[in-house]
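Spelled out, the chains give:
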Amino acid sequence: MFNKITDKINSSFKKLRGNSVISSSNVEETLKEIRLSLLEADVNYKVVKELIDKIKAKSLGKDVLNSVSPAEQFIKIFNDELTLLLGDKSSDLNIKVKPPAVIMIIGLQGSGKTTTSAKLAKYLKDKLKRNPSLVSIDIYRPAAVEQLKILSKQGKITFIDNEEKSDVIKIAKNAYEQSYNIGSDTLIIDTAGRLQIDNQMIEELKNIKSSINIHETLLVIDSMIGQEALNVANIFNKEIGIDGLVLTKLDGDARGGAALSAKYITDRPIKFYGSGESLDTIEVFHPERMASRILGMGDVVSLVEKASESVSTEDAKKLSKKLKNNNFTLNDFKSAISSMNKIGSLKNTISMIPGMGKLSQDENAMNKANDELKKTVAIINSMTPLERENHTILDGSRRRRIASGSGTAVQDINSLIKKFLQMKKMSKNMGSFKKNPKNILNF
Ligand code: GDP
């Protein structure tokens, strides 16, 4: 799924990676390549234009975070915009109603309606612990009714059979009554499709909607069809009204464009996607997960998220000013260390930094460094505010008190003060970390 887009976008990112700053020319070049990959993948041109414009504006106007590279920050911006394009947050089904909730599945013939109806019922039963039932109102193709019956049996879902064979409204009403009587809390109605939209189909669906209370109308879209499927979606939406989309066949080698444009073009949330023929291949559509899957850069995105959560650019500026002016105190030392802890365990943080994976594999060094960080914070916590602001008053008796308060030894206090003084000195030469990453362990 989306393999081609992912490969192409990744190779564009690679070119950006060597750069230490994001300049308008290297962003321009990267975006041009990405634009082309998206168009080749059949993403709607309006969608591509808006996405590229937004990423460009954000990446050029952004303060660069100290702890990540410009390329990583660019990937994060791309990821955020892609997530918004895909719908931002996942959308629930409107089924918290007086039972039975009624879900109507509509779409063109062959889009995957019947399979999706059965998959959805199985999902509701297994994952949401509901008691669904299924009915087919396809009076034109007896084989379609039979297919749903077989799938219901496979998924151990109640299938509602009907005496009525010609009046779709009657069939739907009967099914509603039956599902109520057997205590089913969700009725899924599989409707008839056509090879293309026609008036009779639209009228039939409108009639059903006005005759029984449908809580959720889901349109099934075959993602292999591409852009054309979205025009069809817009007609369905205008004529009948849809609450959400289900994209099927995302496991195929479709170029993926329809899936990326679907939310934008139809202004309806993608609620589920299908990725196979068997009944358990239906997934809730999570825009953020899908975006990072498409970019194939999940770990970079979470690194930038954690870094921006913990060390704001403002904080980083304040700290570097203090270091420069030589009024960096033990309090600042502690908050610098705590922000490292906030970024995650040292090992996780280091392993996410490209090129430093090997260092993070050194279990011993990592465990030692993590323990040291924890100990340092405990020691500083045992100091009085005055001591934290002015380390020079830390005489022998104060050091003994702090050691017993923090469960450490006086030697530990001495060595911490030594490291603190070293760090003050090191701050004059901030380049040392870049020259030798191992210096991060030398606090
Ligand atoms: P309907 O005419 O809209 O009811 O479509 P069907 O449910 O009969 O599906 C048409 C074909 O698509 C069947 O062969 C299904 O097995 C297949 N299909 C449906 N959903 C998926 C999917 O997510 N992935 C794959 N690979 N095949 C699917």
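Just so it is clear, the model here is predicted, and its values are computed rather than measured.

## What about the overall build of the chain?
Okay, step 1: Summing up its helical and strand segments, the chain has 21 helices and eight strands in all.
Okay, step 2: In the chain, of all internal contacts separated by at least 6 residues, the share reaching a separation of at least 24 is 75%.
Okay, step 3: As presented, the chain carries roughly 22000 Å² of accessible surface, and 50% of it is formed by carbon and sulfur atoms.

## Some details on the sheet that holds strand S1 (residues 101-106)
Okay, step 1: Sheet architecture is open: eight strands sit in the order S3-S2-S4-S1-S5-S6-S7-S8, paired in mixed fashion. The open sheet has two edge strands with one neighbour each: strand S3 (158-159) and strand S8 (282-284).
Okay, step 2: Judged from the five bridges that link them, strand S2 (residues 132-136) and strand S4 (residues 186-190) form a sheet pairing that is parallel. Residue leucine 134 lies in a different strand from S4, and its bridge partner there is isoleucine 188.
Okay, step 3: Across the face of the sheet, helix H10 (residues 257-266) comes into contact with strand S6 (244-248) and strand S7 (270-274) while running at roughly 160° to S6.

## Some thoughts on the environment of threonine 83
Okay, step 1: Relative to the elements of secondary structure, threonine 83 occurs in helix H4 (residues 70-86).
Okay, step 2: Relative accessible area serves as the criterion here: at 8%, threonine 83 is assigned to the buried category.
Okay, step 3: Expressed as a C-alpha distance, the spacing of threonine 83 and leucine 260, which sit 177 residues apart in the sequence, is 10.0 Å.
Okay, step 4: Residues in contact with threonine 83, not counting those within four places in the same chain, are Asp88, Pro287, Glu288 and Ala291.

## Concerning the packing of helix H7 (residues 168-181) against helix H8 (residues 199-211)
Okay, step 1: Interaxial distance between H7 and H8 falls to 10 Å at its minimum, and their mutual angle equals 35°. Note that H7 runs across H8; the crossing there is right-handed. The residues of H8 that touch H7, namely those facing Val168, Ile169 and Lys173, are Glu204, Asn207, Ile208 and Ser211.
Okay, step 2: Looking at side-chain class alone, the contact of H7 with H8 contains three nonpolar, two polar and two charged residues.

## With respect to the pattern of salt bridges
Okay, step 1: Scanning the entire structure with this criterion turns up 19 salt bridges.
Okay, step 2: Where glutamate 28 meets lysine 56, a salt bridge forms, and the shortest distance between an N and an O atom there is 3.1 Å. In this pair, glutamate 28 sits in helix H2 (residues 24-40) while lysine 56 sits in helix H3 (residues 45-60), placing the two residues 28 residues apart along the sequence.
Okay, step 3: Judged by relative accessible area, glutamate 28 falls into the partly exposed class, the value being 37%.
Okay, step 4: Each of the salt bridges in this network shares a partner with another, and the network as a whole consists of Glu203, Lys206 and Glu239.

## Overview of the nonpolar core
Okay, step 1: Of all hydrophobic cores here, the largest spans 66 residues; its most connected members are Leu38, Phe74, Phe78, Leu82, Ile189 and Phe236.
Okay, step 2: The element that contributes the greatest number of residues to this core is H4, accounting for eight residues.
Okay, step 3: For this core, the two domains that each supply at least three residues are domain 1 (3-86) and domain 2 (101-295).
Okay, step 4: If you look at the next biggest cluster of nonpolar residues, it comprises 22 residues, including Ala101, Ile103, Phe159 and Val220.

## Concerning the site of the ligand
Okay, step 1: The full set close to the ligand counts 18 residues, and Gly110, Lys113, Thr114, Thr115 and Asp251 are the nearest of them.
Okay, step 2: A distance of 2.4 Å separates an oxygen atom of the ligand from a polar atom in the side chain of threonine 115.
Okay, step 3: Computed on the free molecule, the ligand has an accessible area of 580 Å², of which 80% lies beneath the protein chains in the complex.
Okay, step 4: Per-element accounting of the shell around the ligand gives the leading share, four residues, to helix H5 (residues 113-126).
Okay, step 5: Grouping the amino acids of the shell around the ligand by side-chain chemistry returns one nonpolar, 11 polar and six charged.

## Thoughts on the environment of glycine 274
Okay, step 1: Its location among the elements puts glycine 274 in strand S7.
Okay, step 2: Given the relative accessible area of 4%, glycine 274 is considered buried.
Okay, step 3: For the pair glycine 274 and leucine 247, spaced 27 residues apart in sequence, the C-alpha separation works out to 6.2 Å.
Okay, step 4: In this view, glycine 274 contacts Lys119, Leu247, Thr248, Lys249, Leu250, Asp251 and Thr281; residues no more than four positions away in its chain are not counted.

## As for the pairing of S2
On a regular strand, each side chain points to the face opposite its neighbour's, so the side chains alternate between the two faces of the sheet.
Okay, step 1: Here S2 lies mainly inside the structure; five of its five residues are buried.
Okay, step 2: Burial along S2 is two-sided: the face carrying Pro132, Leu134 and Ser136 and the face carrying Ser133 and Val135 are both buried.
Okay, step 3: Judged from the two bridges that link them, S2 and S3 form a sheet pairing that is parallel. Along S3, the bridge assignment pairs leucine 134 with phenylalanine 159.
Okay, step 4: Once you follow S2 into helix H6 (residues 142-154) and on to S3, the crossover reads as right-handed.

## Focus on the pairing of strand S5 (residues 216-222)
Okay, step 1: Summarising burial for S5: seven of the seven residues are buried, a large majority.
Okay, step 2: Residue alternation in S5 divides its side chains into two sets, Glu216, Leu218, Val220 and Asp222 and Thr217, Leu219 and Ile221, and both sets are buried.
Okay, step 3: Sheet topology places S1 next to S5; four bridges connect them, and they run parallel. Within S5, the position partnered with isoleucine 105 by the bridge is leucine 218.
Okay, step 4: Between the parallel elements S5 and S6, the chain passes through helix H9 (residues 227-239) in a crossover that is right-handed.

Scoring rules and cut-offs
Residues numbered from 1 in each chain as written. Predicted model: local features only at pLDDT ≥ 70, side-chain atom pairs only at ≥ 80, totals over all residues. Heavy atoms only, no water. Helix = DSSP H or I, 4+ residues; strand = E, 2+ residues; numbered from the N terminus. Contact = heavy atoms within 4.5 Å. Areas by Shrake-Rupley, 256 points an atom, 1.4 Å probe, with all protein chains shown as cover. Pairing = 2+ DSSP bridges. Axes fitted to C-alpha atoms, helices over the stretch in contact; angles between N-to-C directions. Buried < 20%, exposed > 50% of the residue type's maximum accessible area, 1.4 Å probe, protein only. Left-handed = near helix turned anticlockwise from the far one by under 90°. Nonpolar A, V, L, I, M, F, W, Y, C, P; charged D, E, K, R; others polar. Salt bridge = Lys/Arg side-chain N within 4 Å of Asp/Glu carboxyl O. Core = buried A, V, L, I, M, F, W, Y, C linked by side-chain atoms within 4.5 Å. Domains from an automatic or database assignment. Near = heavy atom within 4 Å. Polar contact = N/O pair within 3.5 Å; in protein donor to acceptor, adjacent residues only side chain to side chain. Right-handed = clockwise from strand over helix to strand, strands pointing away.

Everything listed here is a matter of geometry and, on its own, says nothing about what the molecule does.
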